[in-house]
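This is what each chain is made of:
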Amino acid sequence: MEWASTTLAFYGLGAAALATSLVTLRRRLELSKAKHRTLTGHARMARRVASLVPFYDYDDSRFFCSDDAPEEVAARRRAGFERLAALYDTRFAETIRRTAEATDGISDLQFTDAYRVPFQYGRVVRQHLKSAAFVQSSAGVMLTDLDGNQFYDLTGSYGVNVLGYDFYKQAIGRAVERVGELGPVLGPYHPVIADNVKRLKELSGLDEVSFHMSGTEAVMQAVRLARYHTRRSHLVRFCGAYHGWWGDVQPGIGNPLPAHETYTLKDMSDDSLRVLRTRRDIACVLVNPLQALHPNASATTDSSLVDGARNAHCDKDAYAEWLKRLRAVCTEQNIVLIFDEVFVGFRLAMGGAQEYFGVRADLVTYGKTLGGGLPIGVVCGRKHLMKRFRDDRPADICFARGTFNSHPYVMAAMNEFLRYLETPRARELYRDLDRTWNARAQRLNRRLRDEALPVEVANMSSIWTVCYLRPSRYNWMLQYYLRAEGLALSWIGTGRLIFSLNYTEADFQAVGDRFVAAARAMQQDGWWWHDPAATNTSIKRRILKEMIAHRLSPKRDCAQRR
């Protein structure tokens, strides 16, 4: 009898273990299904694959015909490349010289210079089309370099420039005057901070505010607060979204260590909602509203533009509906919904993405333009989530401070920005914002189609990306033709163009003229020739074969490095 009872107990334990294993397996499968099928959705796999990619590059002859273009086309490309190189050397001489002097001591410049184009072409490009990283002045929508060349600014200062550089220069100047008597006293607050808090609470619709020195810091604090109050470990981010460069929100390529408490899920997916409903370790969900322009894909730099597969499209209504469903699930499961508006805040609407999409978050992070031209990070949130200590457990705290938090000059510049939003002039800039920028994108696309140029733009208000309509290994060359026509781009090239809202119709007409001229010149120089049988898939397969061949031939790889 005793033996039978023991046997039954073992069977019971086995059945329980099997049931537990099946539940664990089901949850694991649900999580896998909620990940995007590309490497972008599988951070660990992406890191492993990246570590296997070998370096190799093309010599001067292969550079112009890596797609097996006919000799005549390669000759046209070479001639066009040489003309561009001569123009750069002449027109940007002093700016290039000063950039070269500084690059040796600035690691950021070394990084951006190395990743402007696909690495196979980098050596030849760096040798002949040298980068120019210095500018002397700004006015209106123009930048002027050290040689006196003027460019229409499409960089947007990485999202800072929403209202126009003239405004920010004036805001900083007035800020210095307002708090100059106090100076850089840190710790005590200048009274201007009280007005900032009042205005931020009204704009965000939330209860409390904390100040930080960058958008990355603000997101770090928002996630920390969510974990503290929910007593849960994991954050959810969506495939392709950017939330700063710290470890938990950048689990893939670029982070030396894997993130252990991060789920990267598909945007706009029922599978992701199912994971949120069934897991009990999720503290918060991070949303970067910029993903409405390209769900599940990042704003690709031209350094990875190896074919014509880049795609973007903004369906505002569809993304708003997704956010509403996400909001409902987070509320149901007591998960903190965080809107990371560091980039898009105050660009899409005065009330940011919450107003633009009609969805309220629990915590919102701001940065960039909010600082009135100076560095800033801000967290706005519901009262119970912003508290950093527990009344009943005095040693259980959620610490976050920084030396330069609430710097008087930053607070005064922020106040200039927030006050300006209430002026009639600012309200005029925001009036019919989507209609204005959608119409401009449509006009430019019409001109490009009329000239049969294989390129188009996609936009989310004043944030644009350039898409390519033809499979080509040379689409990345367009950035150099655009710069030659007087259009200033950020180092990532045509992956993201950012317009300030003070662009007039005449300004935009000039940008359109230059954009079309650049595309026309690129086409005439033969860069968009392609084998009719070539597809984006066939191009990628060919590059994969090249990588495998060089991976298996280390001697050849080393010879090319030399």
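What counts, and where the lines are drawn
- Residues numbered from 1 in each chain as written.
- Predicted model: local features only at pLDDT ≥ 70, side-chain atom pairs only at ≥ 80, totals over all residues.
- Heavy atoms only, no water.
- Helix = DSSP H or I, 4+ residues; strand = E, 2+ residues; numbered from the N terminus.
- Rg over C-alpha atoms; globule rule 2.2 N^0.38 Å.
- Buried < 20%, exposed > 50% of the residue type's maximum accessible area, 1.4 Å probe, protein only.
- Contact = heavy atoms within 4.5 Å.
- Areas by Shrake-Rupley, 256 points an atom, 1.4 Å probe, with all protein chains shown as cover.
- Lys, Arg positive; Asp, Glu negative; His and termini not counted.
- Charge placed at Lys NZ, Arg CZ, Asp CG, Glu CD.
- Pairing = 2+ DSSP bridges.
- Right-handed = clockwise from strand over helix to strand, strands pointing away.
- Axes fitted to C-alpha atoms, helices over the stretch in contact; angles between N-to-C directions.
- Phe/Tyr/Trp six-rings, centres within 6.5 Å; stacked < 30°, edge-to-face > 60°.
- Lys NZ or Arg CZ within 6 Å of the ring centre and 35° of its normal.
- pLDDT = per-residue confidence, 0-100.

## Some words on the overall build of the protein chain
And then number 1: Each helix and strand in the protein chain was counted, giving 20 helices and 16 strands.
And then number 2: Whereas a compact globule of 562 residues would reach a radius of gyration of roughly 24 Å, the protein chain reaches 26 Å, a difference of no more than 12%.
And then number 3: The dimensions of the protein chain, computed from C-alpha atoms along their principal axes, are 90 × 70 × 45 Å.
And then number 4: Each of the 562 residues in the protein chain was classed as buried or not, and the buried ones make up 52%.
And then number 5: For the protein chain, long-range pairs separated by at least 24 residues make up 77% of all intrachain contacts whose partners lie at least 6 apart in sequence.
And then number 6: Carbon and sulfur atoms provide 55% of the accessible area of the protein chain, an area that totals close to 26100 Å².
And then number 7: Taking the average location of the 77 positive side-chain charges in the protein chain and that of its 62 negative ones, the two points are 4 Å from each other.

## Examining the pairing of strand β8 (residues 336–340)
Moving residue by residue along a regular strand, the side chains alternate between the two faces of the sheet.
And then number 1: Taken across its five residues, β8 has five buried, putting it largely inside the fold.
And then number 2: The alternating pattern of β8 places V336, I338 and D340 on one face and L337 and F339 on the opposite face, and all of these are buried.
And then number 3: Alignment of strand β7 (residues 282–287) against β8, held across four bridges, turns out to be parallel. Bridge pairing in β8 places L286 opposite I338.
And then number 4: The handedness of the β8 to strand β9 (residues 363–367) crossover, carried by helix α12 (residues 352–357), is right-handed.

## What to know about the sheet that holds strand β16 (residues 497–498)
And then number 1: With respect to topology, three strands assemble into an open sheet ordered β13-β14-β16, the strand pairing being antiparallel. Single-partner strands in this sheet number two, and they are β13 (455–460) and β16.
And then number 2: Bridge analysis of β13 against strand β14 (residues 463–468) gives six bridges, and the strand direction is antiparallel. Along β14, the bridge assignment pairs N459 with W464.
And then number 3: Taken strand by strand, helix α16 (residues 433–450) contacts β13 and β14, and its axis lies near 175 degrees from that of β13.
And then number 4: In the packing of helix α18 (residues 505–524) onto the sheet, the strands contacted are β13, β14 and β16, and the crossing angle to β13 comes to about 145 degrees.

## A look at the packing of aromatic side chains
And then number 1: Taken as a whole and judged by the stated rule, the model has 34 aromatic pairs.
And then number 2: Plain terms: the ring middles of F64 and W527 are 6.2 Å apart, the flat faces sit at 40 degrees to each other, and that makes the pair tilted. Residue F64 is located in the loop between α2 (43–52) and α3 (71–91), and its partner W527 is located in the loop between α18 and α19 (536–551); the two are separated by 463 residues in the primary sequence. Of the two residues, F64 and W527, both sit in the buried class.
And then number 3: Relative to Y420, the ring of F167 has its centre 4.6 Å away and its plane inclined at 40 degrees; by these criteria the two rings are tilted. Here Y420 lies in helix α14 (residues 408–420) and F167 lies in helix α7 (residues 165–179), a separation of 253 residues in the sequence.
And then number 4: The buried category is assigned to F167, whose relative accessible area is 7%.
And then number 5: Feature note: the residues F55, Y56, Y58, F63, F64, F81, F119, Y121, Y474, W476 and W527 constitute an aromatic cluster, connected by ring pairs.
And then number 6: Its end group placed over the ring of Y228, R390 keeps NZ or CZ at 4.0 Å from the ring centre.
And then number 7: The aromatic ring of F343 is capped on one face by R496, whose charged end is 4.8 Å from the ring centroid.

## Structural notes on unusual backbone geometry
And then number 1: Of note in this structure, R231 is not a glycine but carries a positive phi near 60 degrees.
And then number 2: Inspection of the secondary structure assignment puts R231 in the loop between α9 (215–230) and β5 (234–238).
And then number 3: Located in the positive-phi region is N334, a residue other than glycine, with phi close to 55 degrees.
And then number 4: With respect to the secondary-structure elements, N334 resides in the loop between α11 (316–333) and β8.

## A look at the confidence of the model for the protein chain
And then number 1: The share of residues in the protein chain with pLDDT of 70 or more is 94%, and the mean pLDDT across the chain is 92.
And then number 2: Every residue in residues 557–562 scores below 50 in pLDDT, and together they form seven contacts with partners more than four places removed in sequence or on other chains.

## Brief notes about the pairing of β14
And then number 1: Counting buried positions along β14 yields six of six residues, so the element is predominantly enclosed.
And then number 2: Residues I463, T465 and C467 of β14 are buried on one face, and the alternating residues W464, V466 and Y468, pointing to the opposite face, are buried as well.
And then number 3: Taken together, β13 and the strand that follows it, β14, pair antiparallel across an intervening segment of two residues, in which S461 is found at a positive phi of about 60 degrees.
And then number 4: Where β14 lies against β16, two bridges are found, and the strand directions are antiparallel. The partner of W464 across the bridge, within β16, is L497.

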